[in-house]
Amino acid sequence: MIINNPGGKSYDLIVVGGGHAGCEAALASARMGNSTLLATINIRDIARMPCNPAIGGLAKGQLVREIDALGGEMGLCIDAAGIQFKMLNRAKGPAVWSPRAQADKAVYHEKMLEALSSEEGLDIFEGEVEGIAVEEGRVTGVTISGERIRGKKAVLALGTFPNGLMHIGERKIPGGREGEPPSCLLSDDLAANGIERARLKTGTPARLKRSSIDFSRCQEQPGDISPVPFSFRTKKLNLDQISCYITYTNVETHDIIRKNIDRAPLFSGQIMGTGPRYCPSIEDKVIRFSGRDRHQIFLEPEGRGSEEIYINGLSTSLPVDIQEKMIRTVAGLEDSEIVRYGYAIEYDFFPPHQIHASLESRKIEGLYFAGQVNGTSGYEEAAAQGIVAGINASLSLRGEPPFLPGRHQAYAGVMVDDLITKEIDEPYRMFTSRAEHRLLLRQDNADERLFRYAVRYGLLEKGLWSEMISRKKRVMKAKRRLHREVIPAERINSLLENEGAPPATEARKAIQIARRPEIGVEKLEAILDGGGLGLGERELDMLGIEIKYDGYIARQKKMAHKLLKMDKMTIPDGFSFEIEALSREAREKLGRFRPETLGQASRISGVRNSDLSILMIFIEKLKKESKNSGRRGMNFR
Amino acid sequence: MDGTTVVALSTPPGESAIAVVRMSGTGAVDILDRMAGASGPWESHKVYRKILKKADGGPIDEVLVTVMSAPDSYTGEDVVEISCHGSVHIYSSIIEEALYLGAHPAGPGEFTKRAYLKGKIDLTQAEAIADLISAETQLQARVALEQLEGSLSKKIGKIEKRLLEELALLELSIDFSEEDIELCSRDTLRKRSEEITEELKQMIDSEITGKKLRNGIRVTVLGPRNAGKSSIYNALLGEERAIVSAVPGTTRDLLRERIHIGGFTYYLEDTAGIGQTECEIETKGISIGRKAAEGADLILFVIDGSAGWDDESRKEFEKIAGKNHILVLNKKDLGADISCEKYRPKTLSGSAAEVSAKTGEGIQSLRKMIYKKTVRDDAAEIVKERGAVSSRHAAALREAVDAVKGVIAELEGAGAVEIMSLEIREAIEALGKVTGRSVAGELLDLIFSRFCIGK
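Notes on the structure in this doc start here. (Residues numbered from 1 in each chain as written. Chains lettered and ligands numbered in written order. Predicted model: local features only at pLDDT ≥ 70, side-chain atom pairs only at ≥ 80, totals over all residues. Heavy atoms only, no water.)

Glancing now at the packing of helix H10 (residues 379-398) of chain A against helix H11 (residues 411-421) of chain A. Residue and element names in this part refer to chain A. Across the interface, H10 lies against H11 with an axial gap of 10 Å and an inter-helix angle of 90 degrees. Taken together, the axes of H10 and H11 are roughly perpendicular relative to one another. Only Ala412, Met415 and Leu419 of H11 make contact with H10, whose side of the interface consists of Glu381, Ala384 and Gln385. For the contact of H10 with H11, the per-class residue count stands at four nonpolar, one polar and one charged. (Axes fitted to C-alpha atoms, helices over the stretch in contact; angles between N-to-C directions. Helix = DSSP H or I, 4+ residues; strand = E, 2+ residues; numbered from the N terminus. Parallel < 35°, antiparallel > 145°, perpendicular 65-115°, else oblique. Contact = heavy atoms within 4.5 Å. Nonpolar A, V, L, I, M, F, W, Y, C, P; charged D, E, K, R; others polar.)

To continue, consider the packing of helix H6 (residues 151-175) of chain B against helix H7 (residues 186-215) of chain B. The axes of two packed helices give the description: the angle between them and the distance between them. All names here are of chain B. In the contact formed by H6 and H7, the axes pass within 11 Å of each other and the chain directions differ by 160 degrees. What the angle tells us is that H6 and H7 run roughly antiparallel. At the point where H6 passes H7, the crossing takes the left-handed sense. Across the interface between the two elements, Leu152, Lys155, Ile156, Ile159, Arg162, Leu163, Glu165, Glu166, Leu169 and Leu170 of H6 pack against Leu189, Arg192, Ser193, Glu195, Ile196, Glu199, Leu200 and Met203 of H7. Each residue belonging to the contact of H6 with H7 can be placed in one class, and the counts come to 10 nonpolar, one polar and seven charged. (Left-handed = near helix turned anticlockwise from the far one by under 90°.)

This brings us to the sheet that holds strand S20 (residues 343-349) of chain A. All names here are of chain A. The antiparallel open sheet is built from four strands, whose spatial order is S12-S11-S20-S13. In this open sheet, the two edge strands, each paired with only one partner strand, are strand S12 (171-174) and strand S13 (198-204). Mean inter-strand twist for the sheet, computed between neighbouring axes without regard to direction, equals 25 degrees. When strand S11 (residues 165-168) meets S12, the two strands line up antiparallel, connected through four bridges. (Pairing = 2+ DSSP bridges.)

A few words now on the packing of aromatic side chains. Each aromatic ring pair is specified by the distance between its two centres and by the angle formed by the two planes. Following the criterion strictly, the structure yields 13 aromatic pairs over all chains and no others. Both rings, one in Trp42(B) and one in Tyr48(B), keep their centres 5.4 Å apart while their planes meet at 90 degrees; by these two values the pair is edge-to-face. Judged by its relative accessible area of 13%, Trp42(B) falls in the buried class. One aromatic cluster is present, built from ring pairs that chain together Tyr278(A), Phe431(A) and Phe176(B). The cationic tip of Arg434(A) hangs over the ring face of Tyr428(A); the distance from NZ or CZ to the ring centre is 4.0 Å. The positively charged end of Arg22(B) is found above the aromatic ring belonging to Phe111(B), 4.5 Å away from the centroid. (Phe/Tyr/Trp six-rings, centres within 6.5 Å; stacked < 30°, edge-to-face > 60°. Buried < 20%, exposed > 50% of the residue type's maximum accessible area, 1.4 Å probe, protein only. Lys NZ or Arg CZ within 6 Å of the ring centre and 35° of its normal.)

For the rest of this paragraph, the subject is the environment of Ile159(B). For Ile159(B), the location among the structural elements is in helix H6. Ile159(B) sits 60 residues away from Val219(B) along the chain, and the two C-alpha atoms are 37 Å apart.

In structure tokens:
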């Protein structure tokens, strides 16, 4: 419910920021039964997409599926707001498939606002939070326009607003996004409360007027023929899909950039923050990869009815006159009109070694950080942290232990673990290669991995979970049948002949035939004894995956369990890493990141095996000592 | 490590010109102060001349003392080295005195363990030091030294880097498949994987050589009585170690001595001559000799070349003919001749040497033959170039090979990148067991530095 004045009210949880992280945090909190306030500078900008008009993508798609499996809203919103759906990496194995959809930005905002306003116990208030209230090391509320609002917990999801500074050529404009002022007071207040901050940079390309583009000179990129929804709760997608288009920069484009490079804030020294290497500006690409004479550009509509086209691949902070010149060298864009110019933005973030794996601040109890404030980039990364922060703040209110998904359980777990053990020197984006247990973390099994938590926390109906269990049971039963059933050679050959494969000479187990890439489960069904497997479409897919990755999944599970042992060895609270025996680098890094488990310690760069064995020895010794002498101090050297 | 100070003799036990006693730990300097009757000042890495005394004031010895202050010492702790006169009585007294003053006796490898725990050296270096200490030949010392300098770590590091590059290519095709980048072909991947497998295999091959280099090679001298086994034994040793007489059955027990050929240590064993005997001791000696021959890397079967075969020795020879052996025809000076009709056909299938232990003729070429029969031709080169891996390293390297083979198998089959990636990650993990380093974090750096990514 949108309210006009929260004054005098007291909340269980206050969420600051109405972006993707803030929305999920607020919804999770309210759904877990907490009185919740979502404070945002501008309600019209709730769940806005300031950069590309798409949700999902490689690794990000997995995150959206996880958010959905935890009862989050992102999947449902994009299913409603999507205008083109694609399953990426379909040519590769299902472990690395990722869903992505082009979004109608306006519809996405509307759907999210609808969900928020109709959620019971959730108040939405428009106003700028200027500071947090802290008493005895615990957060007790926030200040809006000089007025104190009490809250037992708070989630900070501020995006790029803290001390945001936009750059277009030589022009510098303070702001959190185009057309919006930055939020400086809150960042300064956090610093005054002892929270360390640093600078990052990101950027966005210009937007073009749709009718000014000659799409006939570009290559069309349609959506999937049968689109797959993001949400496990969406039964079917019915929509007319809209195409994207591909074009390229050329030598002329690059010449213009090179000639004017001294006017690019990134190269003139005007920008101090570090930008992402995976999403470089076009000037960066031209200078760093000077051997290439073209770069790919995607033209993506910002909505079904929108006149704006996003030029994916042409992020820039060059001055407006150069942007215009440069864009008009590109095939199809010769007569294009720029609706909005590209810009780079620098902003404060709060290096995440200052938070626990629960996303709670180590310094201020009850204060949670989610999204770009932790140095990440991307709507999906933010939303995943938002839901984790919302769940954990709620669990803490209930006096229950936090939700800490492991690296083998969720991309969200990989991300949070990376955040608290790695130096953030560029905006952090999710990649599937960051997940060492990738075969376990598939987009198709997010429900198997996370439904149980959502049900336990009251974020999803129990019925969904039981459905998932019986689905899994049917698949495993079918798999056992394939292991048992032996098929005579002549029946195998009836299949192989069609595939033009050399015939079999003897009978084989059904599972062996199913493993052959040219056959697969579906074709096998026809020659099974006693008819087909009686599985639905999705179940057949699941069975196919089970068979394809059979031994490999077992191997990954084994490896995950080995690593898990290290993660179960906790490092006592207040443990001093000032151990002379540790290498200097390890001592410094451990002191900074303060890992809470040996597993975390092992993932900090610069901590070597010898350092880990020393840590292990000292921790064991410490535990023995404190056991022997009751509760003696932990100040141990 | 845990605050204790340890002491040990650092030179080989026994009488010698000088002996070195070493202490390490926070109490080492204090103990030295009390023995020297003065509290320093001990400047680090300087040599001092002192008279050490017992607690009751009785002098022990005039010694040279060096203090190496933490952390600039071998163990990273305070280290005291005392060079004393090399008598058992003197060094024992110093050690006893140190123990009396609170030091503990150092366990085997304790100094190295402390260095490892202090982070002064990594695991391969720790192992290399153990090898260096027991090195007897220059080649052994060189291999150990090179490993100490991290040559093994470097070599594996290079392979790790190549695997990582291969992984980057695969990950690129997964994480950035939407981008305009040219991908690596199956053939290239396959070629790279095969090269890596080959290199790993070569390193594993050096394990056998490495084992021989570390543990030495056993050569047993076997043969009928009075063939001159002990004479050959002495000739190879270059000293009169075994008693030689014309009386058959002079050697009754197993003798073992070391010789060095081509940088390797050989344990040369002389055995009792085989033959019918009433003597119980001799019978036992013969069976000990046979047993020794069973486990030997090489058997020198010695017969009197001038006399030729008799049935018994021929039978005995046939028993060992399937093993690595050299038939040695002794008494060349009396006319031993391998081309002689009576040695055909069996003997010529193996190696044979004509020597005269008496004149020394043929002993040099026998040495060369022993080397050739036990160590591969290019052993010295292999060891110099590739180092010689230990069994622990070889096990990890084998794991890595299996994983890389998994990549090749997948390339021949469905070519699923996510599975190949898993195999390469496992290979890198396995190599990390040798160097103790994890490289996974460098993956994205590699991708971003080499490829233009970003829509």
